[in-house]
Amino acid sequence: MSEIHQIENVIPRTDVVKCTARVGAEIRNIKLSADLPDQTILAINRLVLEHKVIFFRDQSHLDDAEQERFALRFGKSSPYPEGTTPIFDIDSARGDLPSDMWHIDWSCMDAYPKISVLRGVVIPPVGGDTVWSNTAAAYLDLPQSLRGLADDLWAVHSFPSASKNLCAEALSGPRIETEHPVVRVHPETGERTLVLGSYVARFVDVSKYDGQRLFDLFESHITAQENTVRWKWKQGDVAIWDNRATMHCATKDYGDQRRVVRRATIEGEAPVGVNGRQSVARFKFIQPLPSVNSSKSGIGRSR
């Protein structure tokens, strides 16, 4: 039996509503729970691989503990360097959350998370959307010559993040730095996906001047409208995405209203480039950051 038929046997085609042609789907008539049958979890995982990000409305029955238990059905909890609790609270009331930055969750790590599960807890009446991009589609949109260039490039991803600035500065405090291929081969689908975003500090063996222009060029394909989906949150919504085949960005367009979302993440594997070479950790995280509720290190938390 084909994978499509296996999925349809568990989740009917009529309950999978695509958001755009290239990325995103809303899955209807499922109550998320850690107690879902194995076949349902497998079907959800396959839908994540296919659509890159999937959305579920009306999941207000989930609390932090059940969200964590559900997320763990997809693998081990990611060793996040942003606190000690499995559920990370992203609360705009703290006033320390950067926004409008395209990124891959914790791509400064050598084995960054493969899946993120995000739940809407307090949603402002207007604004606060999150936008995802399909980085596999973005790679395929590149002209063949640029694909060849991207295949050979490596980039240094660092924490604290270089944000939208490609200069690598000496920063105090905890430090993580990893060399990743700009193009990784997805371990489950075999797709080639672009690995960039706000953690990029520089390209290896490329000058800052040329690196900035290459970065802007590749990112322009990633963030092209045809490769993106924008989700308008409601309280109780859940988004699950493949962090190996997407980038995402939160919008700070809700004024002084409060916005709270909570995230669980699943441990991934070190990326492998087109030539078979694996990502290399240059510096390892040594000590934990401040606790979840007091952390001022906001990179990677904008959703």
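Scroll up for the structure.
Computed from a predicted model, the values in this text were never measured in an experiment.

Student: Just to check I follow, could you spell out the nonpolar core for this structure?
Tutor: Taken as a class, soluble globular proteins show a tendency for nonpolar side chains to be buried jointly. Judged by nonpolar contacts, the single largest core of 31 residues is most densely connected at Trp 106, Val 182, Leu 194 and Leu 196. Going through the elements one at a time, helix H4 (135–141), helix H5 (144–152), strand E7 (154–159), strand E11 (200–203), helix H6 (208–222) and strand E14 (246–250) are the ones with two or more residues in this core. Those residues in contact with Val 182, other than ones at most four positions away along the chain, are Ala 150, Leu 153, Trp 154, Ala 155, Thr 193, Leu 194, Val 195, Leu 196 and Phe 203. Residues Ile 7, Ile 11, Ile 27 and Ile 44 belong to the second largest nonpolar core, which totals 26 residues.

Student: I keep staring at the pattern of salt bridges and nothing clicks. Help me out?
Tutor: Pairing between side chains of opposite charge can happen when their charged atoms approach one another. A full pass over the atoms with the stated rule returns 26 salt bridges. Arg 69 is the partner of Asp 35 in a salt bridge, and the nearest nitrogen-oxygen pair spans 3.3 Å. A residue pair is termed long-range when its members are at least 10 positions apart, and Asp 35 in the loop between strand E2 (25–27) and helix H2 (38–51) and Arg 69 in helix H3 (residues 64–71) qualify at 34 residues. Of the charged contacts in the structure, one is a salt bridge between Asp 151 and Arg 192, with a shortest N-O distance of 3.1 Å. Here the residue Asp 151 occupies a position in helix H5, and Arg 192 occupies one in strand E10 (residues 192–194), the gap between them amounting to 41 residues. The class of Arg 192 is partly exposed, set by a relative accessible area of 33%. Several salt bridges share partner residues, and in doing so they unite Arg 175, Glu 177, Glu 179, Arg 202, Arg 277 and Arg 282 into one network.

Student: What's the story with the sheet that holds E14 in this structure? I'm lost.
Tutor: Either a parallel or an antiparallel arrangement is found when strands of a sheet pair, and the pairing is made through backbone hydrogen bonds. Pairing within the open sheet is antiparallel, and its three strands lie in the order E12-E6-E14. At either margin of the open sheet sits one strand with a lone partner, and together these are strand E12 (228–231) and E14. In this sheet, neighbouring strand axes are inclined to one another by 20° on average, regardless of whether the strands run parallel or antiparallel. As paired elements, strand E6 (residues 130–134) and E14 share five bridges and run antiparallel to each other. Across the sheet, residue Val 131 finds its bridge partner in E14, namely Cys 249.

Student: Could you clarify how one ought to interpret unusual backbone geometry in this entry?
Tutor: The phi angle of most residues is negative, glycine excepted, and most peptide bonds adopt the trans form. For the peptide bond that leads from Phe 159 to Pro 160, omega is 0°, which places it in the cis range. Among the structural elements, Pro 160 can be located in the loop between E7 and strand E8 (176–181). A positive phi angle, near 60°, is found at Asp 58, a position not held by glycine. In this fold, Asp 58 is placed in the loop between strand E3 (53–56) and H3. Overall, the relative accessible area of 67% leaves Asp 58 in the exposed class.

Student: What is the right way to look at H5 in this model?
Tutor: Since one α-helical turn is 3.6 residues long, residues separated by three or four positions face the same way. Every buried residue belonging to H5 is among Leu 146, Ala 150 and Asp 151, and all of these are buried. The arc that holds every buried residue of H5, seen down its axis, measures 145°, which confines them to one face. Set apart from the buried face of H5 by more than 90 degrees, the exposed residues are Gln 144, Ser 145 and Asp 152.

Student: Please explain the pairing of strand E13 (residues 238–242) as it appears in this structure.
Tutor: Regular strands show a simple pattern: their side chains alternate between the two faces of the sheet. Across the five residues of E13, five count as buried, placing the element largely inside the fold. Burial of E13 is two-sided: the residues Val 238, Ile 240 and Asp 242 facing one way and the residues Ala 239 and Trp 241 facing the other way are all buried. In this structure, E3 lies alongside E13, joined through four bridges in antiparallel fashion. Paired with Val 53 across the bridge in E13 is Trp 241. Relative to E13, strand E5 (residues 115–122) runs antiparallel, the two being bridged by five bridges. Among the inter-strand pairings, Leu 118 is bridged to a residue of E13, identified as Ala 239.

Student: How do you make sense of H3 when you look at a structure like this?
Tutor: Along H3, the positions that sit buried rather than exposed are Glu 66, Gln 67, Phe 70 and Ala 71. The arc that holds the buried residues of H3, viewed along the axis, is 135°, so those residues lie on one side. If you follow the buried residues of H3, they end up packed against H2, E5, E13 and strand E15 (260–266).

What counts as what
Residues numbered from 1 in each chain as written. Predicted model: local features only at pLDDT ≥ 70, side-chain atom pairs only at ≥ 80, totals over all residues. Heavy atoms only, no water. Core = buried A, V, L, I, M, F, W, Y, C linked by side-chain atoms within 4.5 Å. Buried < 20%, exposed > 50% of the residue type's maximum accessible area, 1.4 Å probe, protein only. Helix = DSSP H or I, 4+ residues; strand = E, 2+ residues; numbered from the N terminus. Contact = heavy atoms within 4.5 Å. Salt bridge = Lys/Arg side-chain N within 4 Å of Asp/Glu carboxyl O. Pairing = 2+ DSSP bridges. Axes fitted to C-alpha atoms, helices over the stretch in contact; angles between N-to-C directions. Arc of directions from axis to C-beta.

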